[in-house]
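Inside the fold
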Amino acid sequence: LGSQVFSILARSMALENLGRAALLVAAASHLTPVLLGSSVARFLAFWLFGLCMGTCIPAFSLLKAQFMPEEVRSTAYSLCRVLPGMVVVATLMCQLGTTGAFL
């Protein structure tokens, strides 16, 4: 459903504005359970968040394709995975317990 919303909105909005708007609505949907205690409101906020993510993912994929050439995209993604991998290895080497690893 989110991708269908994306295809409709992408005809009339710039990708940057579409992604920004979807993220703002998603953030607002996270406030709904805090502000309203109704289970129906929580369900609708969860549904709206999923719709926004379904809209954001195609928008961000197209933006990445526009700004990052295909030839360097996989290398850039691989380099972005190095630091989280180093954090995992360091955590495992320190043999921290569950509470120490997440502090």
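Summary of the structure given here. (Residues numbered from 1 in each chain as written. Predicted model: local features only at pLDDT ≥ 70, side-chain atom pairs only at ≥ 80, totals over all residues. Heavy atoms only, no water.)

1. Examining the overall build of the protein chain
- Assigned secondary structure in the protein chain consists of 5 helices and 0 strands.
- Seen in sequence order, the protein chain has helices and strands lined up from the N terminus as α-α-α-α-α.
- A compact globule built from 103 residues would reach a C-alpha radius of gyration of about 13 Å, whereas the protein chain, at 19 Å, exceeds it by more than 25%.
- Over its C-alpha atoms, taken along the principal directions, the protein chain stretches across nearly 50 × 45 × 20 Å.
- Counting every position in the protein chain, which comprises 103 residues, the buried fraction comes to 17%.
- For the protein chain, contacts bridging at least 24 residues in sequence account for 58% of all contacts bridging at least 6.
- Summing over all exposed atoms, the protein chain offers an accessible surface of approximately 7700 Å²; the carbon and sulfur share of this is 72%. (Helix = DSSP H or I, 4+ residues; strand = E, 2+ residues; numbered from the N terminus. Rg over C-alpha atoms; globule rule 2.2 N^0.38 Å. Buried < 20%, exposed > 50% of the residue type's maximum accessible area, 1.4 Å probe, protein only. Contact = heavy atoms within 4.5 Å. Areas by Shrake-Rupley, 256 points an atom, 1.4 Å probe, with all protein chains shown as cover.)

2. Points about the nonpolar core
- Core analysis: the biggest nonpolar cluster contains 5 residues, these being Phe6, Leu15, Leu18, Ala59 and Leu63.
- Of all the secondary structure elements, the ones that give two or more residues to this core are helix H2 (15–35) and helix H3 (39–67).
- Once residues lying within four places of it in the same chain are set aside, the contact partners of Leu15 are Phe6, Ala59, Leu62, Leu63 and Gln66. (Core = buried A, V, L, I, M, F, W, Y, C linked by side-chain atoms within 4.5 Å.)

3. Regarding the packing of H2 against H3
- One way to put it is that H2 packs onto H3 with a least axis distance of 8 Å and a crossing angle of 155°. Regarding the angle of H2 to H3, the classification is roughly antiparallel. For the element pair H2 and H3, the recorded crossing hand is left-handed.
- Its residues assigned to classes, the contact of H2 with H3 comprises 19 nonpolar, 6 polar and 2 charged. (Axes fitted to C-alpha atoms, helices over the stretch in contact; angles between N-to-C directions. Parallel < 35°, antiparallel > 145°, perpendicular 65-115°, else oblique. Left-handed = near helix turned anticlockwise from the far one by under 90°. Nonpolar A, V, L, I, M, F, W, Y, C, P; charged D, E, K, R; others polar.)

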